[in-house]
Amino acid sequence: MADIDTSPSDANQAAQRIEAIRERIAHAATLADRDPATIELIAVSKTRPAQAISPLIAAGHRSFGENRVQEAADKWPDLRGADKLKLHLIGQLQSNKAGQAVALFDAIHSVDRPSLIDALARAMDEQGRRPDCFVQVNIGEEPQKGGCAIADLPAVLDRTRDAGLPVVGLMAVPPLEVEPAPYFALLAKLAARHGLAGLSMGMSSDFETAILLGATHVRIGTALFGERA
Ligand SMILES: *Cc1c(COP(=O)(O)O)cnc(C)c1O
């Protein structure tokens, strides 16, 4: 890593913020009669420079999320160093970047269509690396968003299984500015119907609700790092 000036106060602030979020996660888990250790806090570091991220690694945090393959390829090989980190891809993925994504990420949350499933399967076979996969569902049926249509989920899941992708759960981003709980509940119901244990749902503004409704992976950016530019 190039000269990075991380003052002790920055590191303390990051450590304190993550500690506060862990406490909120634990509180929500307790309300839901769940073990907090079963909920993974993904620190969403998209758009953040290395010097904003390294204090969290120094504080012992190990799970991070990025939404662009290129940005992650630029930042993470240096940042990750010898630490055993878990890097999650949470943004839309083009099929022609599947190979790079498989090489770089430990989990891919945006599997949503046959062409991408086939490209990921080929890349996994070639590289002998099999990142965990989440199938993304367009839970609010919004045309501008990624994710498969709810009606297409059974066929998409069949395709992932036929292709040999290790699917561990479902992921969704509910519509903005409406109550997210019904969408989280729907995603949980779909996951249960298909026998999937993983539920990647909940962001800075709604992760406690997501945990009450079964989230196993919450993706938190602004509550940790502040507003994005
Ligand atoms: C940016 C992003 C997040 C984090 O959002 P915050 O509101 O900053 O916590 C979570 N999930 C996805 C898919 C994102 O793109």
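Residues numbered from 1 in each chain as written. Predicted model: local features only at pLDDT ≥ 70, side-chain atom pairs only at ≥ 80, totals over all residues. Heavy atoms only, no water.

(A) Looking closely at the layout of surface pockets. By volume, the largest pocket amounts to about 670 Å³. Residue lining of the largest pocket: 28 residues in total, with Lys46, Lys145, Val173, Met203 and Arg219 positioned closest to the centre. Looking at the lining of the largest pocket residue by residue, the class counts come to 11 nonpolar, 10 polar and seven charged. Approximately 160 Å³ is the volume found for the second largest pocket. (1 Å grid on protein atoms, 1.4 Å probe; cavity = no way out; pocket = protein on both sides within 12 Å on 5 of 7 lines; lining within 4 Å. Points joined across faces, edges and corners; volume = space filled by probe spheres on them. Nonpolar A, V, L, I, M, F, W, Y, C, P; charged D, E, K, R; others polar.)

(B) Just the pattern of salt bridges, in detail. For the structure on display, the rule yields 11 salt bridges. Close ionic contact of arginine 24 with glutamate 208 constitutes a salt bridge, the shortest N to O distance being 3.0 Å. One end of the pair, arginine 24, is in helix H1 (residues 8–31); the other, glutamate 208, is in helix H8 (residues 207–212), and 184 residues separate them in sequence. Classification of glutamate 208 as partly exposed rests on a relative accessible area of 28%. Linking aspartate 106 and arginine 129 is a salt bridge whose minimum nitrogen-to-oxygen distance equals 3.6 Å. On the criterion of sequence distance, the pair formed by aspartate 106 in the loop between helix H4 (98–104) and strand E4 (107–111) and arginine 129 in the loop between helix H5 (114–127) and strand E5 (132–136) is long-range, its members being 23 residues apart. If you follow the salt bridges from partner to partner, you end up with Glu40, Lys86 and Asp132 in one network. (Salt bridge = Lys/Arg side-chain N within 4 Å of Asp/Glu carboxyl O. Helix = DSSP H or I, 4+ residues; strand = E, 2+ residues; numbered from the N terminus. Buried < 20%, exposed > 50% of the residue type's maximum accessible area, 1.4 Å probe, protein only.)

(C) View of the side chain of arginine 80. Checked against the element boundaries, arginine 80 lands in helix H3 (residues 69–80). On the basis of relative accessible area, arginine 80 is assigned to the buried category, the value being 18%. Apart from residues no more than four positions distant in its own chain, arginine 80 is found in contact with Leu85, Leu87, Leu104 and Asp106. (Contact = heavy atoms within 4.5 Å.)

(D) Looking closely at the packing of aromatic side chains. Under the counting rule described, the total for this entry stands at one aromatic pair. Between phenylalanine 64 and tryptophan 76 the ring centres are 5.0 Å apart and the planes differ by 45°, which places this aromatic pair in the tilted class. With phenylalanine 64 in strand E2 (residues 63–66) and tryptophan 76 in helix H3, this residue pair connects regions lying 12 residues apart in the sequence. Of the two residues examined, phenylalanine 64 and tryptophan 76, each falls in the buried class. (Phe/Tyr/Trp six-rings, centres within 6.5 Å; stacked < 30°, edge-to-face > 60°.)

(E) Region of interest: H5. Spanning 14 residues, H5 covers 20 Å between terminal C-alpha atoms, matching the ideal 20 Å at 1.5 Å per step. Within H5 the residues assigned to the buried category are Leu116, Ile117, Ala119, Leu120, Ala121, Ala123 and Met124. Note on H5: the residue one or two positions beyond its end, glycine 128, has a positive phi of about 65°. (Expected span 1.5 Å × (residues − 1).)

(F) Quick peek at the confidence of the model for the chain. Of the residues in the chain, 95% have a pLDDT of 70 or more, and the chain-wide mean is 94. Note that residues 1–5 has pLDDT below 50 and, in this model, four contacts with residues that lie over four places away or in other chains. (pLDDT = per-residue confidence, 0-100.)

(G) Structural view of the site of the ligand. Taken together, Val44, Lys46, Ile90, Met171, Val173, Met203, Ser204, Arg219, Ile220, Gly221, Thr222 and Arg228 make up the full set of residues adjacent to the ligand. Between threonine 222 and the ligand, the recorded distance is 2.9 Å, taken from a backbone N or O atom to an oxygen atom. A distance of 2.8 Å is found between an oxygen atom of the ligand and a side-chain nitrogen or oxygen belonging to arginine 228. Coverage of the ligand by the protein chains reaches 87% of its 390 Å² of free accessible surface. Given that more than half its atoms are within 2 Å of the pocket grid, the ligand belongs to the largest pocket. Of the residues belonging to the shell around the ligand, the class tally is six nonpolar, three polar and three charged. (Near = heavy atom within 4 Å. Polar contact = N/O pair within 3.5 Å; in protein donor to acceptor, adjacent residues only side chain to side chain. Areas by Shrake-Rupley, 256 points an atom, 1.4 Å probe, with all protein chains shown as cover. Sits in = over half its atoms within 2 Å of the grid points.)

(H) Expanded view of helix H2 (residues 50–58). Buried within H2 are the following residues: Ala50, Ile53, Ser54, Pro55, Leu56 and Ile57. Glycine 60 lies just past H2 and shows a positive phi near 100°.

(I) The arrangement of the side chain of histidine 88 in detail. Inspection of the secondary structure puts histidine 88 in strand E3 (residues 86–89). Here glutamate 40 takes part through its side chain, which lies 2.7 Å from a polar atom of the side chain of histidine 88. A distance of 2.8 Å separates the side chain of histidine 88 from the side chain of histidine 109, its partner in a polar contact. The residues contacting histidine 88, other than those within four sequence positions of it, are Glu40, Ile42, Ser63, Phe64, Gly65, Glu66, Phe105, Ala107, His109 and His217.

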